[in-house]
Structures are given as structure tokens and as C-alpha cells.
Amino acid sequence: MEATGTDEVEKLKSKFMSAWHNMKYSWVLKTKTYFSRNSAVILLGKCYHFKSDEPSELSPDGSCLDIVDTVISGNVEEFRKDFISRIWLTYREDFPQIKDSALTTDCGWGCTLRTGQMLLAQGLVLHFLGRDSESWTSHTVKKLTASFDASLTGGREPKVLSKDHKEALKRDCDDSEMRDEVYHRKIISWFGDSPPASFGLHQLIEYGKKSGKTAGDWYGPAVVAHILRKAVEEARDPELQGITIYVAQDCTVYSSDVVDRQCSSMGSEKADMKAVIILVPVRLGGERTNMDYLEFVKGILSLEYCVGVVGGKPKQSYYFAGFQDDSLIYMDPHYCQSFVDVSIKDFPLESFHCPSPKKMSFKNMDPSCTIGFYCRNMKDFERISEEITKMLKSSSKEKYPLFTFVKGHSRDYDFASSPLHEENDLFSEEEKKRLKRFSTEEFVLL
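Peer 1: Pulling in residues and values, what's your account of the overall build of the protein?
Peer 2: Helix and strand content of the protein: twelve helices and 17 strands. Across the 446 residues of the protein, 54% fall into the buried class. A separation of at least 24 residues holds for 75% of the contacts in the protein among residues at least 6 apart in sequence. Within the structure as shown, the protein displays about 20800 Å² of accessible surface, and the carbon and sulfur contribution to it stands at 51%.

Peer 1: Provide a residue-level description of the nonpolar core, including the pertinent values.
Peer 2: Membership of the largest hydrophobic core comes to 66 residues, with the highest contact counts inside it found for Leu113, Leu120, Leu124, Phe191 and Phe199. Among the elements that line this core, the one with the most residues is helix H3 (residues 111-128), at nine residues. In terms of nonpolar packing, the next biggest core, distinct from the first, is built from 40 residues, Ile278, Leu294, Tyr330 and Phe362 among them.

Peer 1: Can you explain the packing of helix H7 (residues 201-209) against helix H8 (residues 221-234)? Please cite residues and give values.
Peer 2: Remark: H7 packs on H8, axes separated minimally by 9 Å, with the N-to-C direction vectors making an angle of 110°. If you check the angle between H7 and H8, you find them roughly perpendicular. Both H7 and H8 take part in a crossing whose hand is right-handed. Residues Leu204, Tyr207 and Gly208 of H7 lie in contact with H8, whose contacting residues are Ile227, Leu228, Lys230, Ala231 and Glu234. Residue composition of the contact of H7 with H8, by class: five nonpolar, one polar and two charged.

Peer 1: I'd like a description of the state of the cysteines, backed by residues and values.
Peer 2: Tallied over the entire structure, the rule returns zero disulfides. Not part of a disulfide, Cys107 finds its nearest cysteine sulfur in Cys336, a span of 3.2 Å. The class of Cys107 is buried, set by a relative accessible area of 9%.

Peer 1: Pulling in residues and values, what's your account of the environment of Asp100?
Peer 2: Note that Asp100 resides in the loop between strand E5 (92-93) and H3. Residue Asp100 is classed as exposed on the basis of its relative accessible area of 68%. In sequence terms Asp100 and Glu206 are 106 residues apart; their C-alpha atoms lie 9.8 Å from each other. Of the polar contacts made by the side chain of Asp100, one reaches the side chain of Lys209; its length is 2.9 Å.

Peer 1: Explain the confidence of the model for the protein residue by residue, including any values.
Peer 2: Averaged over all residues, the pLDDT of the protein equals 79, while 68% of them reach at least 70. Here residues 59-74 is a poorly scored stretch, pLDDT under 50, and it has 35 contacts once near neighbours within four places are set aside; other chains count. A low-confidence stretch, residues 265-270 stays under pLDDT 50, and its non-local contacts, those more than four residues away or across chains, total three contacts.

Peer 1: Help me get a handle on the packing of aromatic side chains, residues and values and all.
Peer 2: Per the counting criterion, the structure on display carries 17 aromatic pairs. With a centroid separation of 6.4 Å and 70° between ring planes, the pair formed by Phe35 and Phe50 is classed as edge-to-face. Here the residue Phe35 occupies a position in strand E1 (residues 33-35), and Phe50 occupies one in the loop between strand E3 (46-49) and strand E4 (56-58), the gap between them amounting to 15 residues. Take Phe35 and Phe50: they sit in the same class, and that class is buried. Aromatic pair Phe320 and Tyr330: ring centres 6.0 Å apart, planes at 75°, arrangement edge-to-face.

Peer 1: Pulling in residues and values, what's your account of the pairing of E3?
Peer 2: Relative to E3, strand E2 (residues 40-43) runs antiparallel, the two sharing four bridges. Within the sheet, the bridge partner assigned to Ile42 lies in E3 and is Cys47. Joining the antiparallel neighbours E2 and E3 is a turn of two residues, in which Leu44 adopts a positive phi near 45°.

Peer 1: Summarise the pairing of E2; cite the residues concerned and give the values.
Peer 2: In this structure, E2 lies alongside strand E12 (residues 316-324), joined through two bridges in antiparallel fashion. By the bridge assignment, Ile42 is partnered in E12 with Phe323.

Peer 1: I'd like a description of helix H10 (residues 294-301), backed by residues and values.
Peer 2: Within H10, seven of the eight residues are buried, which leaves it mostly tucked inside the rest of the structure. Every buried residue of H10 is accounted for by Leu294, Phe296, Val297, Lys298, Gly299, Ile300 and Leu301. As for H10, its buried residues are in contact with E2, strand E11 (306-313), E12, strand E13 (327-331), strand E16 (368-375) and helix H11 (378-395).

Calculation notes
- Residues numbered from 1 in each chain as written.
- Predicted model: local features only at pLDDT ≥ 70, side-chain atom pairs only at ≥ 80, totals over all residues.
- Heavy atoms only, no water.
- Helix = DSSP H or I, 4+ residues; strand = E, 2+ residues; numbered from the N terminus.
- Buried < 20%, exposed > 50% of the residue type's maximum accessible area, 1.4 Å probe, protein only.
- Contact = heavy atoms within 4.5 Å.
- Areas by Shrake-Rupley, 256 points an atom, 1.4 Å probe, with all protein chains shown as cover.
- Core = buried A, V, L, I, M, F, W, Y, C linked by side-chain atoms within 4.5 Å.
- Axes fitted to C-alpha atoms, helices over the stretch in contact; angles between N-to-C directions.
- Parallel < 35°, antiparallel > 145°, perpendicular 65-115°, else oblique.
- Left-handed = near helix turned anticlockwise from the far one by under 90°.
- Nonpolar A, V, L, I, M, F, W, Y, C, P; charged D, E, K, R; others polar.
- Disulfide = S-S within 2.5 Å.
- Polar contact = N/O pair within 3.5 Å; in protein donor to acceptor, adjacent residues only side chain to side chain.
- pLDDT = per-residue confidence, 0-100.
- Phe/Tyr/Trp six-rings, centres within 6.5 Å; stacked < 30°, edge-to-face > 60°.
- Pairing = 2+ DSSP bridges.

Given below as C-alpha cells:
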């Protein structure tokens with residue numbers, strides 16, 4: 001009898017928390033975002049123009065309300081399709097219980113892990129599909145938009161495609177487009193909210209434990225960068241063996257260390273080259289963001305190989321993917337959604353795509369952030385390091401740039417580098433010290 005009563009209390013508690021989360025985090029998509037039609041809009045290296053004499057308003061579903069010119073409208077639609085096609089990862093509830101905790105939701109504490117997931121997801125999209133590969137959206141964006149409209153107006157939940165609809169979709173798509181959709185779904189499945197998912201919340205928390213973090217703790221951008229690196233290292237899916245992550249040490253990218261991560265023996269004498277995602281934890285100032293870094297951040301987001309910025313403002317973490325004028329464009333993880341079982345064939349995609357871009361003034365950004373780049377091969381890395389070095393020099397008014405690229409290994413500069421593979425522990429003692437320092441210096445994220 002007592003056990004039954006306890007179960008009922010837990011059920012009521014769960015329902016109450018679910019209702020509270022839905023109320024607290026449901027406002028995210030309902031606020032309107034205004035874009036100027038006189039300034040270019042940059043989204044992860046792509047430029048869009050909304051030319052007009054009056055400011056335009058984007059509705060909650062991301063569409064432009066009052067642009068009538070067909071040429072400009074087409075450009076708006078291209079931006080809209082590009083933005084919606086980015087993978088959006090948010091708070092979830094009612095997912096399988098996290099190991100060694102009673103938590104079945106990350107509402108209120110997991111936003112930096114979510115923004116880190118979005119950055120990694122963009123890197124995987126570049127790796128498997130390329131920046132311009134958005135063909136899958138041409139067949140699904142209308143359905144996604146219709147589903148967003150229904151959800152925002154209190155309509156019924158979107159349904160999985162019917163058998164007839166799927167057959168029609170297959171007839172309309174060529175092999176390349178079908179391949180894109182398969183990979184798109186596969187990438188999302190790697191971020192599922194269940195223990196088997198390679199980059200899901202459950203796995204990331206397990207790696208975070210090695211740096212002293214547990215479920216429910218606050219995670220900063222630098223700590224998340226190291227957790228992502230470990231998650232990619234430990235991924236066992238054969239599709240993920242061709243990519244790795246390098247995290248800059250003390251705002252320095254050591255070229256030989258990057259090359260070491262790119263070159264790996266794949267079970268034979270022949271060495272294969274891995275693609276690498278370079279993550280650079282930085283501070284854009286002291287207590288507040290230094291406006292002198294604005295042009296540099298805008299320059300970074302204008303690069304086709306940029307995979308975004310994990311940052312935010314005090315007490316909130318965002319995934320920055322673009323800008324207009326002095327405002328950053330971001331995707332917000334602070335939206336509570338229900339668990340989706342990504343192991344099911346043709347699982348619904350709607351909740352993994354954001355209908356509404358958000359903007360925030362650069363001056364409101366917290367200085368702690370992590371910047372990401374994708375390099376497919378060594379030639380890419382050499383080009384990227386040259387381009388960004390020039391950008392760093394031109395943007396630095398003082399002698400010391402935000403971060404640097406140097407030749408050689410970290411150990412060549414008397415820096416205690418960590419081994420690439422550890423048998424007994426995922427983090428070296430030096431890494432633990434750095435992570436502890438990051439944890440105490442960074443802002444608290446909710």
C-alpha cells in the first residue's frame with residue numbers, strides 16, 4: 001500500500017514538472033524576430049539579402065510577413081530553408097533515466113550540452129553532406145513548416161508520413177536526394193536521448209563525469225568542447241571513424257598536434273587521413289564582451305567551414321550560427337520537447353528543426369565561448385590556418401590576438417600535452433586541471 005502511494009506521488013510529481021517545464025520553456029518559439037531588409041544576413045558562411053526600405057518582421061514560423069517582390073521573396077525563402085535545415089537540439093523530457101541519477105529531463109541545466117551537440121551536428125553535416133547539400137529539405141520543408149504552424153496555433157501533433165506519401169516522396173527524389181535524407185536521419189540518431197546514442201545526452205554526461213561533472217551540474221563551453229572530443233574518440237560506429245576533434249590548448253592551435261589527430265592507422269600499414277573539427281575555447285573580454293572582437297566573430301561566422309559558436313549570455317547558452325549588422329543569429333535550446341525514439345524507422349523530424357531564428361546584440365554576449373571549424377583534410381587545415389591567422393592579425397588592435405596557430409607540437413613549447421589515447425582514464429591530469437579552471441571561471445548556464 002505504501003509503495004502504491006509512493007508511485008502515485010511520483011506520477012503526480014512527474015506530471016507537475018512536465019506542465020511546469022512546458023509553461024516555463026514554451027515561450028521560446030513564440031517571440032517574433034525582426035530582420036532589416038537593408039543589411040546582408042550571414043548564416044554559417046552563406047550570405048542572403050532582404051533589400052527594402054522598411055524593416056521586415058519574421059513570423060514565429062520563420063516566414064517573412066510582408067515581402068511581396070518575387071526575387072526578394074525567393075531569397076528570403078532560401079534563407080528560411082537553410083535555417084530550418086540546421087539540426088536543432090533542445091531540452092527534452094521523459095527520456096530514459098540518466099545513469100546514477102533520477103533525472104529524465106535536462107530542463108534547466110543541459111543547455112550548453114545541447115548547444116555543443118548542435119555545433120558537432122553541423123560539423124557532421126559538412127562531413128557527410130557538405131554545406132550546400134540541402135536537397136532533402138526541398139521535399140520536407142513544406143511539411144515541416146505546416147507542422148510548425150499547427151504546433152504554434154495549438155493544432156494536433158504532426159503525424160509520421162503515410163505509406164502513400166512516402167512512396168510519392170521516393171518517386172520524386174533521385175538517389176542523391178534519398179542518400180542525403182538517410183544521412184540526415186542518421187546524424188540526428190547519433191544525438192538521440194538514450195544511452196546507446198554516440199553523442200546523446202546520456203553518453204556526454206558519462207564523459208563529463210571524468211572531469212568531475214554529473215547530471216544536473218552546470219557545463220561551460222570549454223568543458224563541453226573536451227567532452228565532445230572524447231565522445232567522438234570513443235564512438236564505435238564505422239561511419240564515424242573518419243572524423244576526429246582537436247581542442248585548442250590555452251588559445252593555441254598546434255599544427256603538428258592537429259596533423260597527428262588527422263593521421264591514424266586504420267588497421268593496416270596504410271595511414272588514412274581523418275577530417276578534423278577544431279574547437280577553440282576563448283574569452284572575448286573580461287567580465288563583459290569586448291566590442292573590439294565583434295568584427296572578428298562576424299568574420300568567423302562568414303567562413304564556409306565554420307560550424308558555429310557555443311556561447312550565450314549570462315545564465316543562458318545559445319548556438320550562434322550567423323549575424324546581421326551587430327546582432328548574432330542563434331538557435332535556442334531552451335525549449336522543452338518530448339522524447340523522440342530515434343531508433344524507430346522514419347521517426348518524426350519536426351522537433352529537430354527550428355522554425356524561428358533569433359537575434360541578440362553582440363554586446364550582450366558572455367565573453368566565454370567555443371568557436372568551431374571543420375577541416376576535411378590537411379590541405380584544408382593549411383588554408384584555414386592561413387586565412388584565420390590573417391583575420392586574427394587584422395582584427396587585433398593589440399599585440400596579442402584572440403588565439404593563435406603555431407607550428408610544431410604543444411610539447412615543443414614546454415606544454416604538458418595529453419596523450420591521444422588513455423587506457424585507464426579519459427582525461428589526463430593536465431586536462432583535469434584545465435577543466436577545473438574552466439569550470440570555476442565560466443558563467444553559470446541555466
